[in-house]
Amino acid sequence: MSNVEGSPDAARSQALVDGYYTDPERRPSFVRDMFNRSAQHYDLVNQLFSLGSGAWYRRFCLRQAGVGPGMLVVDVATGTGLLAREALALAGDRSTVIGADVSEAMLAIAQRNLGIPVIQATAEALPLVPGIADFVTMGYALRHMADLNTALGEALRILRPGGAIVLLEMSAPRNKFARMLATLFIGLVLPGLSLLITRDARARTLMQYHWQTILNYMPPDVVMHVMRDNGFDSVTCKSYLDLFHHYIGRKPL
Ligand SMILES: C[S@@+](CC[C@H](N)C(=O)[O-])C[C@H]1O[C@@H](n2cnc3c(N)ncnc32)[C@H](O)[C@@H]1O
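This is a predicted model, so every value here is computed, not measured. Residue numbers restart at each chain and count upward from 1, following the sequence in its written direction. Restriction of local features to residues with pLDDT of at least 70 applies here, the model being predicted, together with a cutoff of 80 or more for giving and counting side-chain atom pairs; totals for whole chains, interfaces and linings are based on all residues.

**Side note on the overall build of the chain**
- Each helix and strand in the chain was counted, giving 9 helices and 7 strands.
- Contact between two residues is assigned whenever their backbone-derived C-beta positions fall within 7 Å. At a minimum sequence separation of 6, the contacts of the chain that also span at least 24 residues come to 68%. Numbered from the N terminus, helices here are DSSP runs of H or I no shorter than four residues, and strands are runs of E no shorter than two.

**Thoughts on helix H5 (residues 104-114)**
- Residues of H5 that are buried include every one of Met106, Leu107, Ile109, Ala110 and Leu114, and no others. Angular distribution of buried residues about the axis of H5 spans 160°; they occupy a single face of the element.
- In the core, the buried residues of H5 are packed alongside helix H2 (27-49), helix H4 (82-91), strand E2 (97-101) and strand E3 (118-120).
- One or two residues past the end of H5 sits Gly115, with phi positive at roughly 65°. Any residue whose C-beta has 12 or fewer other C-beta atoms within 10 Å is treated as exposed, any with 20 or more as buried, and any in between as partly exposed, C-beta atoms being built from the backbone. Taken from the helix axis, the directions to the C-beta atoms give the arc we talk about.

**Details of the site of the ligand**
- Around the ligand sit 21 residues, and of these Phe35, Ala77, Gly79, Ser103 and Gly139 come closest.
- No other element matches the 3 residues that H2 contributes to the shell around the ligand.
- Ten residues, namely Ala, Val, Leu, Ile, Met, Phe, Trp, Tyr, Cys and Pro, are considered nonpolar, four, namely Asp, Glu, Lys and Arg, are considered charged, and the remaining ones, Gly among them, are considered polar. Tallied by class, the residues present in the shell around the ligand amount to 12 nonpolar, 7 polar and 2 charged. By convention here, the C-beta atom is placed from the backbone, and a residue is near a molecule or strand when that atom is within 6 Å of it.

**Observations concerning the nonpolar core**
- Formed by 58 residues in total, the largest nonpolar core has its most connected members in Ala87, Val136 and Val166.
- At 7 residues, the largest contribution of residues to this core is made by strand E5 (residues 159-170).
- Aside from chain neighbours lying at most four places away, what touches Val166 is Cys61, Leu62, Ala65, Phe135, Thr137 and Ile248.
- Nonpolar cores are identified as sets of buried Ala, Val, Leu, Ile, Met, Phe, Trp, Tyr and Cys residues joined via C-beta atoms within 7 Å. The next biggest cluster of nonpolar side chains, apart from the first, holds 8 residues, and it includes Ala182, Ile186, Leu206 and Met207.

**So, helix H3 (residues 54-65)**
- Over its 12 residues, H3 runs 17 Å from end to end, which matches the ideal 16 Å to within 8%, given 1.5 Å per residue.
- The complete set of buried residues in H3 reads Gly54, Arg58, Cys61, Leu62 and Ala65. Each buried residue of H3 sits inside an arc of 95° when the element is viewed along its axis, so together they form one side.
- The inward-facing, buried residues of H3 contact H2, H4, strand E4 (133-139), E5 and strand E7 (244-250).
- Looking one or two residues past H3, Gly66 carries a phi angle of roughly 105°, positive in sign. Expected helix span is computed as 1.5 Å times (number of residues minus one).

**Here we look at the pairing of strand E1 (residues 73-76)**
- Going residue by residue along E1, you find Val73 and Asp75 tucked away on one face and Val74 and Val76 tucked away on the opposite face as well.
- We treat two strands as partners when DSSP finds at least two bridges between them. Relative to E2, E1 runs parallel, the two sharing 4 bridges. Residue pairing for E2: Val76 is matched across the bridge by Ala100.
- For a crossover, the right-handed case is the one in which the path from the first strand over the helix to the second runs clockwise, viewed with the strands pointing away from the viewer. In this view, the connection linking E1 to its parallel neighbour E2 by way of H4 has right-handed handedness.
- Across 4 bridges, E1 lies against E4 in parallel orientation. Paired with Val73 across the strands is Phe135, a residue of E4.

**A word on the confidence of the model for the chain**
- Per-residue confidence from the predictor is given as pLDDT, running between 0 and 100. For the chain, the average pLDDT comes to 89, and 89% of its residues sit at 70 or higher.
- In the model, residues 6-16 has pLDDT below 50 throughout and makes 23 contacts with residues more than four positions away in sequence or in other chains.

**Structural notes on unusual backbone geometry**
- The backbone of Ser234 shows a phi angle near 50°, a positive value even though the residue is not glycine.
- Residue placement: Ser234 occurs in strand E6 (residues 233-240).

**Observations concerning the environment of Ile109**
- Relative to the helices and strands, Ile109 resides in helix H5.
- For the pair Ile109 and Asp43, spaced 66 residues apart in the sequence, the C-alpha separation amounts to 9.9 Å.
- In this structure, Ile109 is in contact with Ala39, Thr80 and Gly81, ignoring residues within four places of it in sequence.

Take a look at the structure:
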C-alpha cells in the first residue's frame, strides 16, 4: 500500500464530500468558513458528541503517548483548544503548547480560553522551524486535511528526531449493526439536538458534515500505512468501539 494517492480508500476520503462543495479546490475555504461560522457552538456540540467524555479521553491519549512536563507540543488544527487544553495540563507551561489552525474564529476562542501562543496556518504549511517539537498532536482534523501527505510531512519536519505525532480520529465502524447505530446517533440525532439546543442551523450543518466525513474516512490500517509512507515509524493504533482511533508514530532518530 502506498501513500494517499496510491490508496483507493484514501483517495475516496480525499474526494468530494457530497453536497457540500462541487470542486475539490473549494475544500480548504469551505472547511475554514464552516469552522469560522460555527466556532461559537463547537464546544457545546463536542460535549454532546462525546457525552462529556471528550476531555478525559483526550488527556488519556496524550498521557499514553508520553506527553509530560516541559515538553514542547504543537497542536495542529487546534480549533477551540480542546486537545491543547489537555496537553497544557500535562506539559504544565503555557509557553510550551502552541496551537495552529486555519480558522481565526476557532483560534480566538483557544487563545481566550487557554492563553497559549496561537498561529493561523494550515497544517500543510506550518511557519515553524524544523525539529522544534517533542510532540505534534492533531485531534479530529485528519479528515479535514486537503493534502494529508503534505500535512504529515510538515509534522515530521517540525518534530525533533525521536519526537512523536499523536492523532485522534474517527471512522465509521465496519460492523453493519454498529455502523447503523452510529449513523442514527451521530448522523441524525446529534445534528437534530445541536439545532434544538443552539437554535442555529450552522451547528446542525457542522454535525452533519462531521458524520459525512467520518463515513467517508479511511479505516485505521490505511491511516497507519499513510503514516509509515510519510516517514513515521513505530506506528500504533488503538481503537475504541471501532469508531475512535488513537494513532501514535515516531520520527526516526
Ligand atoms: C473538528 S475540529 C478539531 C478541534 C480540536 N483539535 C479538537 O480536538 O476538538 C477541526 C479543526 O481543524 C481545523 N482545520 C481543518 N483543516 C485544517 C488545515 N488544513 N489546517 C489547519 N487547520 C485545519 C478547523 O479549522 C477546525 O478548527
